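Read off the chains here:
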Amino acid sequence: MMIPAAKDWLASPNKKVLLFGMSGLGKTHVSNMLRATGAWFHYSIDYRIGTRYMGEHIVDNFKFHAMKDPFLAELLRSDSIYIGSNITFNNLAPLSTYLGKPGNPDLGGLPCEEYRRRQDLHRTAEINALLDTPHFINRAEALYGYPNFVCDTGGSICEVVDPWDENDPVLKSLAENTLMVWIQGNEAHTDALISRFDKSPKPMYYQPEFLERVWSEYLSDNKLQENEVNPDDFVRSAYARALEARQPRYAAMAENWGVSVCAEDVAQATTPDAFVALIGKALEKRAKAA
């Protein structure tokens, strides 16, 4: 869909929106709020990645670790137990755990070659899940009768597209079918995200060129070999740099393909009507700036 005029957005009985931005700024919270009304279909990109495209890898990783225990190994070989992933919209730990962190295996780290392989799997899976969005829009309306649709993307969407390329196939598909909305944080949000990450560092996807740069610099600055790296220390060191590197990519996505709203305003939009009105204001602002 083309970026609509505010009045057309507000009047439309069939709203289709895609939310993007850093994890922790309200994408899933808003999506859950909209879904709870019964009038919005919630399509989670990370959930799609973790079930359709990486589900088998995730479960095989569980089994790999279980097979190290002789008791569980025997039960698995005889098909006496079942190991599965209980991934949900609000608990994506199975996916992030599989993605892992590079470094010392005694500290839970992955060999760098395996870590890169999993990163590449995630990139392919994320692109495929994003390209599935039109299918789920049609499915939501034709199969379930939902008039409205919200796509809840992962924070790494900006890493798998080129927001400056008007022919980017993923962004073209998304922009033709949804209104793309950047939930933009401020400096205080960034500080809060970094503080939260420091307390509980989690695996995440990085653009390959960025990953190679920060990884080689970390090894050089700390005079470490790959298997000596503390995985949590590395991802802590990379996180703030990743936030900074993603900002211009998000901004270009909003400028070239959609609109932006402030995270604090999103937090105050506690009803679907308030959220729809907030997007309407963003559309008016974009039109005035054009």
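Owing to the predicted nature of the structure, the values given are computational and were not obtained by experimental measurement.

Draft legend 1. Layout of the pattern of salt bridges. In the structure shown here, the tally under the stated rule is nine salt bridges. Here glutamate 114 makes a salt bridge to arginine 117, at a shortest N to O gap of 2.8 Å. Taken as a pair, glutamate 114 and arginine 117 lie in helix α7 (residues 112-131) at a separation of three residues, close to a single helical turn. The class for glutamate 114 is partly exposed, based on a relative accessible area of 22%. According to the relative accessible area criterion, arginine 117 is partly exposed, its value standing at 39%. In this structure, the salt-bridge partner of glutamate 212 is arginine 116, at a minimum N-O distance of 2.6 Å. Of this pair, glutamate 212 sits in helix α11 (residues 208-222) while arginine 116 sits in helix α7, and the two are 96 residues apart along the sequence. A single salt-bridge network, built from bridges that share partners, covers Glu114, Arg117 and Arg118.

Draft legend 2. Structural detail: the packing of helix α3 (residues 45-53) against helix α4 (residues 55-66). Relative orientation of the contacting elements α3 and α4 amounts to 70°, with a least axis distance of 4 Å. Viewed along their axes, α3 and α4 adopt a mutual orientation that is roughly perpendicular. Residue-level inspection shows Ile49, Gly50, Thr51 and Tyr53 of α3 in contact with α4, the latter providing Gly55, His57 and Ile58. Taken together, the residues that form the contact of α3 with α4 break down as three nonpolar, four polar and no charged.

Draft legend 3. Representation of helix α2 (residues 27-35) in the model. When α2 is considered as a whole, its buried residues turn out to be Lys27, Val30, Ser31, Asn32, Met33 and Leu34. Buried residues belonging to α2 abut β1 (16-20), β2 (40-44), β3 (148-152), β4 (179-184), α13 (263-268) and α14 (272-289).

Draft legend 4. Expanded view of the sheet that holds β2. The strand order β2-β3-β1-β4-β5 describes an open sheet built from five strands, whose pairing is parallel. The open sheet has two edge strands, β2 and β5 (258-262), and neither has a second partner. The mean inter-strand angle of the sheet, taken between neighbouring strand axes irrespective of direction, is 25°. In terms of strand pairing, β2 meets β3 through five bridges, oriented parallel. Looking across to β3, one finds that serine 44 is bridged to aspartate 152. Along the sheet, α14 contacts β1, β2, β4 and β5; its crossing angle with β5, the most-contacted strand, is approximately 120°.

Draft legend 5. Molecular detail of the nonpolar core. If you look at the biggest cluster of nonpolar residues, it comprises 80 residues, and the most contacted ones within it are Phe20, Met180, Tyr206, Phe234 and Phe275. The element best represented in this core is helix α12 (residues 231-257), accounting for 10 residues. Residues in contact with phenylalanine 20, not counting those within four places in the same chain, are Lys27, Thr153, Ile157, Met180, Val181, Trp182, Ile183, Tyr250, Met253 and Ala254.

Cut-offs and rules
Residues numbered from 1 in each chain as written. Predicted model: local features only at pLDDT ≥ 70, side-chain atom pairs only at ≥ 80, totals over all residues. Heavy atoms only, no water. Salt bridge = Lys/Arg side-chain N within 4 Å of Asp/Glu carboxyl O. Helix = DSSP H or I, 4+ residues; strand = E, 2+ residues; numbered from the N terminus. Buried < 20%, exposed > 50% of the residue type's maximum accessible area, 1.4 Å probe, protein only. Axes fitted to C-alpha atoms, helices over the stretch in contact; angles between N-to-C directions. Parallel < 35°, antiparallel > 145°, perpendicular 65-115°, else oblique. Contact = heavy atoms within 4.5 Å. Nonpolar A, V, L, I, M, F, W, Y, C, P; charged D, E, K, R; others polar. Pairing = 2+ DSSP bridges. Core = buried A, V, L, I, M, F, W, Y, C linked by side-chain atoms within 4.5 Å.

So yeah, pure geometry; function would need other evidence.
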